[in-house]
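# Survey of secondary and tertiary structure
So you can see what is in the structure, the chains are spelled out below.
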Amino acid sequence: MAAKRSIRWGILATGEIAHQFAADLPAADGAELLAVGSRELAKAEKFAGQFKIPRCYNSYDKLLADKDIDAIYVATPHPLHVENTIAALQAGKAVLCEKPFAVNAAEARRMIAAARQHRRFCMEAMWTRFLPVHVRLRELLGQGAIGQVQMLTADFGFASSPEKEDRLFNPAMAGGSLLDVGVYPIALSFMVLGPPSRIIAQACIGPTGVDERAAMIFRYGTGALALLSSAIATATPQEAILCGSEGRIRLPRPWWRGEKIILSRPDREDEVIELPIVGNGLHYEADEVARCLRKGLRQSRIMPLAETLKIARTMDRIRRQWKLSYPFESHLI
Ligand SMILES: NC(=O)c1ccc[n+]([C@@H]2O[C@H](COP(=O)([O-])OP(=O)(O)OC[C@H]3O[C@@H](n4cnc5c(N)ncnc54)[C@H](OP(=O)(O)O)[C@@H]3O)[C@@H](O)[C@H]2O)c1
């Protein structure tokens, strides 16, 4: 049997999530971490030394010019995703771009158009969707394990502060809870229930001008409801519960990095399904990229670009209700 084609990765930026991705990549199937690029050579060299990466570059452009790289992992702050992703696609690379894919739907549309124009693979790094618990959740829902889902509750909130994490509280970096962590419960709601027909959203805007807490109610044509929340200055339970016509599924804390499903059905003992994660859990999404590239696909069927765009549009609709735009946005989105 022919050996599987190895996927040669380049990591663009050397921040927190880039470290986690580099640490996990050896667990991915046939992945080779070939290069890293940073705005500063010293950072690139340190990162390369830590993860035994053979090539390092002192600019993103030089990284993208490396002809041997198949796929670029974009790990810069949200507002840079658009330019970094388009540049990587123009350079002929496949792209796995960190979440949120884009700050708004207009940016997401440009990125998707670039992927189409340059005929390259592109995917939002919605890594939770590829974890074993979420794969099993899709199977259970597909088998009708809890009937029709009628209510979904999911939250993602933690307590930080501007002193600890500037990026999260900085409007110029598109900070705030919605884009940073609210995107996780929203993506879960899309996976389970699809796009909402109606949205009611409230936020508490903190002193730095970003949404520190947000609560959203989504309503669907089927009559289902989703109650979603996010926070960056308040610790919340980080649980997800799906209530169906014939039972309930609970994903205990932290559901977005979950390793357990609790299935409750009338007149039966609760079923506990344990599905441990290897490492930080970021190699599962790298495996999806590799599977798609080996098959010659330009999108993932599990995290397609059309859904990424709908999620970006949904977050625009939510921010419109709050009249919240970022300083670099020319008008209220
Ligand atoms: N941290 C997490 O747990 C996590 C989890 C999932 C997704 N994400 C997503 O990943 C992205 C990056 O998050 P992060 O937590 O890794 O951020 P971070 O620690 O602040 O790192 C971002 C990196 O981007 C590069 N960069 C380029 N231009 C920059 C600028 N103007 N200001 C600051 N950094 C700049 C820097 O790398 P160089 O200096 O090397 O160029 C920096 O180290 C975000 O979109 C976030 O939503 C993060």
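Residues numbered from 1 in each chain as written. Predicted model: local features only at pLDDT ≥ 70, side-chain atom pairs only at ≥ 80, totals over all residues. Heavy atoms only, no water.

### Here we look at a nonpolar patch on the surface
Keep this limit in mind: Residues form patches when they are more than 30% accessible in relative terms and have no salt bridge. Like charges link within 9 Å. Nonpolar side chains (Val, Leu, Ile, Met, Phe, Trp, Tyr) link within 5 Å. We get accessible surface area from the Shrake-Rupley algorithm with a probe of 1.4 Å; when it comes to residues, only the shown protein chains can shield them. Whenever a carboxyl oxygen of Asp or Glu lies within 4 Å of a side-chain nitrogen of Lys or Arg, that contact is scored as a salt bridge. Helix numbers and strand numbers start at the N terminus; a helix is a DSSP run of H or I with at least 4 residues, a strand a run of E with at least 2.
A grouping of Met-151, Ile-200, Ile-217 and Leu-227 is seen on the molecular surface, where their side chains present a nonpolar patch of about 310 Å² in accessible area. Residue position: Ile-200 is located in strand S8 (residues 198-205).

### Remarks on the sheet that holds strand S2 (residues 31-37)
The condition that has to hold: We call two strands paired when DSSP finds no fewer than two bridges between them. With axes taken as lines fitted to C-alpha atoms, and helix axes fitted only over the stretch in contact, angles between N-to-C directions fall between 0 and 180 degrees. Here, two residues are considered to be in contact whenever any of their heavy atoms come within 4.5 Å of each other.
If you walk across this open sheet you meet the six strands as S3-S2-S1-S4-S5-S6, and the pairing is parallel. Every other strand in the sheet has two partners, leaving strand S3 (55-57) and strand S6 (122-125) as the edge strands with one partner each. Across the sheet, the axes of successive neighbouring strands diverge by a mean angle of 25 degrees, strand direction being ignored. For strand S4 (residues 71-74) and strand S5 (residues 94-98), the ladder comprises four bridges, and the chain directions are parallel. Bridge pairing links Val-74 to Cys-97 in S5. Running over the sheet, helix H9 (residues 283-295) touches strand S1 (7-12), S4, S5 and S6 and is turned about 130 degrees from S1.

### With respect to the domain arrangement of the protein chain
The test is simple: Domain start and stop positions are those given by an automatic or database domain assignment. Two parts placed together each lose some accessible area under a 1.4 Å probe, and the buried area is that loss summed for both. Polar contact criterion, stated in full: a pair of N or O atoms within 3.5 Å, where within protein one must be able to donate a hydrogen and the other to accept it, and residues adjacent in sequence count only if both atoms are side-chain atoms.
For the protein chain, the assigned domains read domain 1 (7-128) and domain 2 (132-276 + 312-322). For domain 1 and domain 2, the distance between their C-alpha centroids amounts to 26 Å. Contact between domain 1 and domain 2 buries roughly 1400 Å² in total, counting both sides, with carbon and sulfur atoms accounting for 66%. Here domain 1 and domain 2 share zero salt bridges between them. Our enumeration of links across domain 1 and domain 2 arrives at four residue pairs in polar contact (both at pLDDT 80 or more).

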